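# Summary of structural features
What follows is each chain in one-letter form.
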Amino acid sequence: MAVSTIEQRRNAWLASLGRGDGLDALLLNLKASNTQRFRAAAARTDRNAIVAAIGPSTTCGQSTGGGTTQATGSWPMQLAAMLARQGVAAGASNLFGDHACWALAQTAPNYMTGDSRVVLTGSAAPGPFGTAGGNGFAMSGAAGSLTFTPVTSVSAYDIWYRDGVGRNWSWSIDGGAATTVTGAAAIAPRRLVVRAAAAGLRPLTLSWVAGNVHLIGVSGYDDTAGRREISVYNWGISGAKSEQFIQNNDPTASRIATWSAVAPDLSILDDWAINDWRQAIPIATFRANLATGIAQGKLSGDVLVTTPLWDSGAYGNAAVQGDYAAATIAAALEADVPVVDVRAAWRSFAIANGLGWYSDTVHPTFLGYATKASLLSEVLRRVLNLWAR
């Protein structure tokens with residue numbers, strides 16, 4: 001189905017809600033005062049504006065039957081593509097973690113079945129440290145490499161890694177000469193900017209040289225002639241409860257440490273309640289964790305919260321999932337951040353499933369993710385003052 005048709009269907013669906021222009025019915029507490037930091041970042045000419053999408057499997061793009069298209073079909077990646085088509089410079093050529101919880105680190109072959117952009121060889125594999133987007137990638141004591149091939153044009157990469165003495169690795173672009181990076185004294189998240197000779201689909205290869213190399217993620221973008229973009233990072237973690245998004249048990253590269261180091265201009269806290277109700281986490285605990293996440297996001301920029309998608313399963317407290325959705329809204333309003341009521345837009349599992357938006361009891365299809373991305377693209381355009389009211 002053409003994306004334009006997806007967007008037309010989504011717009012017609014919003015209009016059918018019958019209140020305001022459709023979008024107004026789904027927005028709570030969106031104000032100039034609580035979005036001004038992201039708006040200012042998007043207007044800068046010296047760097048990209050960073051949007052971090054932080055949530056569970058429904059953020060990282062998991063879809064039953066989706067195969068290697070799950071990463072590229074995720075709503076963060078579709079969001080960037082839609083913004084670009086609508087005239088907003090945006091991109092999502094990035095990789096952060098393996099999108100799995102600490103206790104569920106994947107094997108390299110398993111990881112590659114969900115992301116066609118990545119090839120892991122030799123000792124390169126997910127784990128053994130938790131970071132933004134799940135487990136980082138390690139190359140320990142033996143030759144190995146991670147190659148990331150973007151699906152949109154890039155001219156430069158930000159490489160995020162855990163530094164430390166003896167942690168030596170190299171980078172190369174398009175199969176060119178390798179440049180070695182020698183680990184420094186302090187163990188901490190670091191960023192290295194590298195550039196290709198020209199913009200294009202330029203694969204980046206990171207290779208082991210010595211020690212225990214820990215890679216957090218890479219972000220590619222086109223900065224030709226000073227171009228700047230809104231870079232949408234996918235920090236989804238399959239199976240994660242709210243407490244795991246704010247995990248801080250490793251101050252040198254934990255999720256909080258990486259969140260702080262990257263310093264997003266907008267943190268989208270997406271579907272945080274789903275695995276909490278599935279695992280019967282008390283609502284009060286969930287709400288406190290969400291409040292902590294909101295506070296973390298505010299340290300570097302603005303925060304946007306989405307209400308959780310519908311879940312037709314019977315796990316844990318799924319029968320009272322509406323109470324978790326209400327707690328999501330309450331925590332966001334208490335912290336004075338905007339809410340996008342995606343749950344209200346989808347009306348119910350039965351209705352959304354009938355429209356082809358679900359691949360199973362909780363994970364969307366490509367169409368479902370496109371529908372959500374389309375809604376969020378309208379929200380961000382409004383924030384940027386590009387959406388005509």
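What comes next concerns the included structure. Not measured: the values here are computed from a predicted model.

Each value, and the rule that gives it
- Here the residue index of a chain counts from 1 through its sequence in written order.
- Restriction of local features to residues with pLDDT of at least 70 applies here, the model being predicted, together with a cutoff of 80 or more for giving and counting side-chain atom pairs; totals for whole chains, interfaces and linings are based on all residues.
- Computation of side-chain values covers all heavy atoms of the structure but excludes hydrogens and water.
- Here, strands pair whenever DSSP counts at least two bridges between them.
- Helix numbering and strand numbering both begin at the N terminus, where a helix is a DSSP run of H or I of at least 4 residues and a strand a DSSP run of E of at least 2.
- Contacts were defined at the residue level, with two residues in contact if any of their heavy atoms lie within 4.5 Å.
- Lines fitted to the C-alpha atoms define the axes, with helices restricted to the stretch that makes contact. Angles between their N-to-C directions range from 0 to 180 degrees.
- Angles are sorted into four bins: roughly parallel if under 35 degrees, roughly antiparallel if over 145, roughly perpendicular if 65 to 115, and oblique for all others.
- Working rule for handedness: look at the near helix, and if it is turned counterclockwise from the far one by less than a right angle, call the crossing left-handed; if clockwise, right-handed.
- Three classes are used: nonpolar for Ala, Val, Leu, Ile, Met, Phe, Trp, Tyr, Cys and Pro, charged for Asp, Glu, Lys and Arg, and polar for all others, with Gly counted as polar.

### Some points on the sheet that holds strand S3 (residues 90-91)
- With mixed pairing, seven strands are arranged side by side in an open sheet as S1-S18-S17-S16-S2-S15-S3. The strands lining the two open edges of the sheet, one partner per strand, are strand S1 (27-28) and S3.
- In this sheet, strand S15 (residues 230-236) lies alongside S3 in parallel orientation, the contact comprising two bridges. In the strand pairing of S15, Ala90 is matched with Ile230.
- In the packing of helix H10 (residues 283-298) onto the sheet, the strands contacted are strand S16 (266-269) and strand S17 (302-306), and the crossing angle to S17 comes to about 145°.
- Against the sheet, helix H14 (residues 366-383) touches S1, S16, S17 and strand S18 (339-340), its axis set at about 145° to S17.

### Examining the side chain of Thr328
- Note that Thr328 resides in helix H11 (residues 321-334).
- What Thr328 contacts, discounting residues up to four positions off in sequence, is Ala273, Phe286, Leu290, Val305, Thr306, Thr307 and Pro308.

### Re the packing of helix H5 (residues 75-85) against H14
- At a closest axis distance of 8 Å, the pairing of H5 and H14 adopts a crossing angle of 50°. The orientation of H5 relative to H14 falls into the category oblique. Considering the relative orientation of H5 and H14, their crossing is right-handed. In this structure, H5 contributes Trp75, Gln78, Leu79, Met82 and Leu83 to the contact, and H14 contributes Phe366, Tyr369, Ala370, Lys372, Ala373, Ser374, Leu376, Ser377, Leu380 and Arg381.
- Classifying every residue of the contact of H5 with H14 by side-chain character gives 10 nonpolar, three polar and two charged.

Treat this as a map of the structure, not an account of what it does.
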